[in-house]
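# Structure assessment
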Amino acid sequence: MNTFLIILLVILMVLVVVSLIRGIVAFMKSTKIDLESGEQTDATDMQLTQNKMMFARIKYQALAVVVVAVLLAIAN
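Note that the coordinates shown come from a computational prediction; the quantities given were computed from them, not determined experimentally. (Residues numbered from 1 in each chain as written. Predicted model: local features only at pLDDT ≥ 70, side-chain atom pairs only at ≥ 80, totals over all residues. Heavy atoms only, no water.)

The helix and strand tally for the protein chain stands at two helices and zero strands. Within the protein chain, the proportion of its 76 residues that are buried is 21%. For the protein chain, the share of sequence-separated contacts (at least 6 apart) that also reach a separation of at least 24 residues comes to 74%. Roughly 5700 Å² of accessible area belongs to the protein chain as shown, and the carbon and sulfur atoms make up 70% of that amount. (Helix = DSSP H or I, 4+ residues; strand = E, 2+ residues; numbered from the N terminus. Buried < 20%, exposed > 50% of the residue type's maximum accessible area, 1.4 Å probe, protein only. Contact = heavy atoms within 4.5 Å. Areas by Shrake-Rupley, 256 points an atom, 1.4 Å probe, with all protein chains shown as cover.)

This is how it looks when you write it as structure tokens:
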């Protein structure tokens with residue numbers, strides 16, 4: 001059981017890093033597009049992607065915290 005939870009934790013940590021990087025890249029692209037085009041009144045596709053990736057990061061982080069809590073509960 002511990003091995004499975006540790007593998008799951010590593011996978012979740014990788015997903016956190018991937019979604020963080022994708023969110024930062026989308027942020028950089030949306031900022032560049034905003035600077036080149038001028039004023040924006042609604043959200044662009046890159047801004048929506050950034051929002052989606054950052055929400056995914058929070059979700060994966062929460063799942064990782066739950067896995068750590070389960071590991072700590074099993075260890076006691």
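What follows covers the nonpolar core. Counting six residues, the largest nonpolar core consists of Leu5, Leu9, Leu12, Ala64, Val67 and Leu71. Put simply, the parts of the chain that give this core at least two residues each are helix H1 (2-37) and helix H2 (45-75). Excluding its chain neighbours within four sequence positions, the residues that come into contact with Val67 are Leu5, Leu8, Leu9 and Leu12. (Core = buried A, V, L, I, M, F, W, Y, C linked by side-chain atoms within 4.5 Å.)

Taken together, the side chains of Met1, Phe4, Leu8, Val66, Val70 and Ile74 make up a nonpolar region of the molecular surface, amounting to roughly 560 Å² of accessible area. Among the elements of the structure, H1 and H2 are those that each provide at least two residues to the nonpolar patch. Of all the elements, H2 adds the most residues to the nonpolar patch, at three residues. Considering the arrangement of structural elements, one finds Phe4 in helix H1. (Patch = residues over 30% accessible without salt bridge, like charges linked within 9 Å, V, L, I, M, F, W, Y side chains within 5 Å. Salt bridge = Lys/Arg side-chain N within 4 Å of Asp/Glu carboxyl O.)

Okay, H2 next. Between its first and last C-alpha atoms H2 spans 45 Å; for 31 residues at 1.5 Å apiece the expected length is 45 Å, and the two agree. Met53, Met54, Ala56, Arg57, Ala64, Val67 and Leu71 are the residues of H2 that are buried. (Expected span 1.5 Å × (residues − 1).)

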